[in-house]
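Letter by letter, the chains look like this.
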Amino acid sequence: MDVERLDGKTVLVTGAGSGIGRETALLCARRGADLVICDLNAEGLAATENEARSLGRNVLARQVDVSHREQMRAFAEEAGGPDLLVNNAGVGLAGGLLDTPLDDWDWVVSINLMGVVHGCHFFLPKMIERGGGGHVVNLSSLAGLHASPELVAYSATKFGVLGLSLALREELVPHGIGVTAICPGIINTPITSSSRMYGKSAEPGARERIVRNYERRGYGPDKVARNILKAVERNRPIAPVSPESWVSWGIVRTSPRLAGWVARKLAAAAQR
C-alpha cells in the first residue's frame, strides 16, 4: 500500500485523542487521507479532529468505547470500510499476577484485546465488500514480544494482539488485505500517567519514576506514527519500533531463557 500520498484514501484510527493514535491520524491527514477517528476522551478527540480539518481533510469523529460491542457495531455502520484500519486504542496495567485483581483483568482484556477484535470484526467485512485491498494495523507492544513479570495482564493482551494479527494476516491474503502488528518499545505517551498500577509499581514514587524514565528516553509517538506507515508500505507482519523493541525481539527469538533473565532485570530497573 502506497502511504506517501494518501489522497482519496480513508484512514480509521481508534484511540485518536492522544499519543500514537493522534500522531498516526494527523500524519495520514498531512499525507492527504480523510479520517475516521474515535476515542473516549472527547476533548482530545476534538483537538485531533480540528487539526485534521485545518489541513482540509474530511473527518468523522465519534466518542466510542472500543470495548463496547454495540458502540463499535454502530460506528462501523456509519463509517463504512476504510482503506487503512489502525486498531490503536489501549490502556496500561502494571503488576504481577498475584497483585492484579480479576476486575482489572476484565478491564484490560476488554480494551486491549477485545477492542482490537471488535475493530477487525466490524470493519473488515466492509473493507472486503468495498474491494481494492487495504491494510490493518494492530497495536501490540514490546510487552507482546518480551513478557514482563511486572506487566503480566498487559503482556497477555499484547501477546494476544500479536497472535491475532499473524493469524488474520494469512486469512486475509485472498482479499488482498495486509495485516501488521506494531510493537512499540518505551514511548513517551500519556499511558504512563493513566495506567493502573499494582504491586511494586504502586509503591510510593514508583509512577513518578516510570514517567520520568519514559520522558528521559525521549522517543515520541510521532516517530511511532512514521514507523507504522513504513511498516504498512513494506507489508511487514511484525514491526518492532524503537531500538529496545528490536533488541528484545532478537533475544526472545534466540534464547527464551536469556529473555526471561533480561525481563526480570528490566522490571527491577524500572522501579529505580
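Right above here is the structure, for reference.
Here goes a summary of the coordinates provided. The structure displayed is predicted, hence computed values, not measured ones.

1. Observations concerning the nonpolar core
Within soluble globular proteins, side chains that are nonpolar tend to cluster in buried spots. By size, the foremost hydrophobic cluster in this structure holds 33 residues, and its most contacted members are Val 11, Cys 28, Leu 35, Ile 37, Leu 84, Val 137 and Ile 182. Contacts of Cys 28, omitting those with residues within four sequence positions, involve Leu 6, Val 11, Ala 33, Leu 35, Leu 84 and Leu 229. Counting 28 residues, the second largest nonpolar core, distinct from the first, contains Val 108, Val 136, Leu 168 and Leu 172.

2. Structural notes on the packing of aromatic side chains
The description of two aromatic rings rests on the distance between their centres and on the angle between their planes. With the rule as written, the count across this model stands at 2 aromatic pairs. Above the ring of Trp 107, the side-chain terminus of Arg 196 is found at 3.6 Å from the ring centroid. Just above the ring of Trp 249 sits the side chain of Arg 253; from NZ or CZ to the centre is 4.4 Å.

3. Details of the sheet that holds strand S6 (residues 134–139)
Overall, parallel pairing links the 7 strands, which are arranged S3-S2-S1-S4-S6-S7-S9 in an open sheet. Single-partner strands in this sheet number two, and they are strand S3 (59–63) and strand S9 (238–241). Strand-to-strand twist across the sheet, computed as the mean angle between neighbouring axes with direction ignored, equals 15°. Packing of helix H5 (residues 152–171) onto the sheet brings it into contact with S6, strand S7 (177–184) and S9, and relative to S7 it is tilted by some 160°.

4. Digging into the pairing of strand S1 (residues 10–14)
Burial analysis of S1 places 4 of its 5 residues in the buried class, the great majority of the element. By the bridge criterion, 5 bridges tie S1 to strand S2 (residues 34–39) in an arrangement that is parallel. Each residue of the ladder has a partner; that of Leu 12, found in S2, is Val 36.

5. Structural notes on the pairing of S6
Burial runs high along S6: 6 of the 6 residues are buried. Handedness of the crossover is the feature at issue here: the chain leaves S6, passes through H5, returns alongside S7, and the resulting connection is right-handed.

6. Re the environment of Leu 164
Position of Leu 164 relative to the elements: it lies in helix H5. Residue classification places Leu 164 among the partly exposed positions, given a relative accessible area of 25%. If near-sequence neighbours (up to four positions away) are discounted, Leu 164 is found in contact with Val 116 and Val 117.

7. Side note on the packing of helix H1 (residues 19–30) against helix H2 (residues 42–54)
Running from N to C, H1 and H2 cross one another at 10°; their axes reach a closest spacing of 10 Å. Classed by the angle they form, the pair H1 and H2 counts as roughly parallel. Relative to H2, the crossing made by H1 is right-handed. Here Arg 22, Ala 25, Leu 26, Ala 29 and Arg 30 of H1 lie close against H2, whose contacting residues are Ala 47, Thr 48, Glu 51 and Ala 52. Its residues assigned to classes, the contact of H1 with H2 comprises 5 nonpolar, 1 polar and 3 charged.

8. Quick word on the pattern of salt bridges
On inspection of all chains with the given rule, the structure shows 10 salt bridges. Note that Arg 196 is salt-bridged to Asp 104, the shortest N-O span being 2.8 Å. Of the two residues, Arg 196 sits in strand S8 (residues 196–197) while Asp 104 sits in helix H4 (residues 102–130), which places them 92 residues apart along the sequence. With its nearest N and O atoms 3.7 Å apart, the salt bridge here joins Asp 222 to Arg 226. Placement of the pair is Asp 222 and Arg 226 together in helix H8 (residues 221–234), with a separation of 4 residues, close to one helical turn. A relative accessible area of 42% places Arg 226 in the partly exposed class.

9. A few points about the side chain of Ser 245
Examined against the element boundaries, Ser 245 turns out to sit in helix H9 (residues 243–254). When neighbours within four sequence positions are excluded, Ser 245 is seen to be in contact with Leu 142, Leu 145, Cys 183, Pro 184, Gly 185 and Pro 240.

Conventions adopted
Residues numbered from 1 in each chain as written. Predicted model: local features only at pLDDT ≥ 70, side-chain atom pairs only at ≥ 80, totals over all residues. Heavy atoms only, no water. Core = buried A, V, L, I, M, F, W, Y, C linked by side-chain atoms within 4.5 Å. Buried < 20%, exposed > 50% of the residue type's maximum accessible area, 1.4 Å probe, protein only. Contact = heavy atoms within 4.5 Å. Phe/Tyr/Trp six-rings, centres within 6.5 Å; stacked < 30°, edge-to-face > 60°. Lys NZ or Arg CZ within 6 Å of the ring centre and 35° of its normal. Pairing = 2+ DSSP bridges. Helix = DSSP H or I, 4+ residues; strand = E, 2+ residues; numbered from the N terminus. Axes fitted to C-alpha atoms, helices over the stretch in contact; angles between N-to-C directions. Right-handed = clockwise from strand over helix to strand, strands pointing away. Parallel < 35°, antiparallel > 145°, perpendicular 65-115°, else oblique. Left-handed = near helix turned anticlockwise from the far one by under 90°. Nonpolar A, V, L, I, M, F, W, Y, C, P; charged D, E, K, R; others polar. Salt bridge = Lys/Arg side-chain N within 4 Å of Asp/Glu carboxyl O.

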